[in-house]
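Each chain, written out:
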Amino acid sequence: MKCISVYTDNFEVFSDIFDRVVESPLEENEEQEVEGITISHSGDVPEHYLERMSVKPEVVVMRDKSRGLTILQHGKVFEILLPVLETA
């Protein structure tokens, strides 16, 4: 899964920029700023990362079923986990 980190703890701000963040063509380890909020492509995370994070009491887990992605919120960061389409 591809992980995009959004450095804010403000859900309203996150919601406002969410679509643009998901559609941003970021390269791995690249940072950008969207409406004053830093976002970065944090690389790929293994499947067990989601399982490990979701059991922590300080982590909020949200799912966008229509897009097949998961959002984790903890501390002052949102992490958007996007499925990686494998090409043959």
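Computed from a prediction, not measured in an experiment: that's the story for all the values here.

K.L.:
Now, about the environment of isoleucine 80: what can you tell me, with residues and values included?
P.N.:
Structurally, isoleucine 80 is set in strand 6 (residues 77-82). Assessed through its relative accessible area of 0%, isoleucine 80 is described here as buried. Considering only alpha carbons, one finds isoleucine 80 and glutamate 33, 47 residues apart in sequence, at a separation of 16 Å. In contact with isoleucine 80, not counting residues within four places along its chain, are Lys2, Cys3, Ile4, Val6, Phe14, Phe18, Val21, Val22, Leu69, Thr70 and Ile71.

K.L.:
Please give an account of the pairing of strand 1 (residues 2-6) that cites residues and values.
P.N.:
With respect to burial, strand 1 is a largely interior element, 4 of its 5 residues being buried. As paired strands, strand 1 and strand 3 (residues 37-44) are joined by 4 bridges and run antiparallel to one another. Within strand 3, the position partnered with isoleucine 4 by the bridge is histidine 41. Note: strand 1 against strand 6, 5 bridges, orientation antiparallel. When the bridges of strand 6 are listed, serine 5 appears paired with glutamate 79.

Cut-offs applied
- Residues numbered from 1 in each chain as written.
- Predicted model: local features only at pLDDT ≥ 70, side-chain atom pairs only at ≥ 80, totals over all residues.
- Heavy atoms only, no water.
- Helix = DSSP H or I, 4+ residues; strand = E, 2+ residues; numbered from the N terminus.
- Buried < 20%, exposed > 50% of the residue type's maximum accessible area, 1.4 Å probe, protein only.
- Contact = heavy atoms within 4.5 Å.
- Pairing = 2+ DSSP bridges.

Read these as spatial facts, not as claims about activity.
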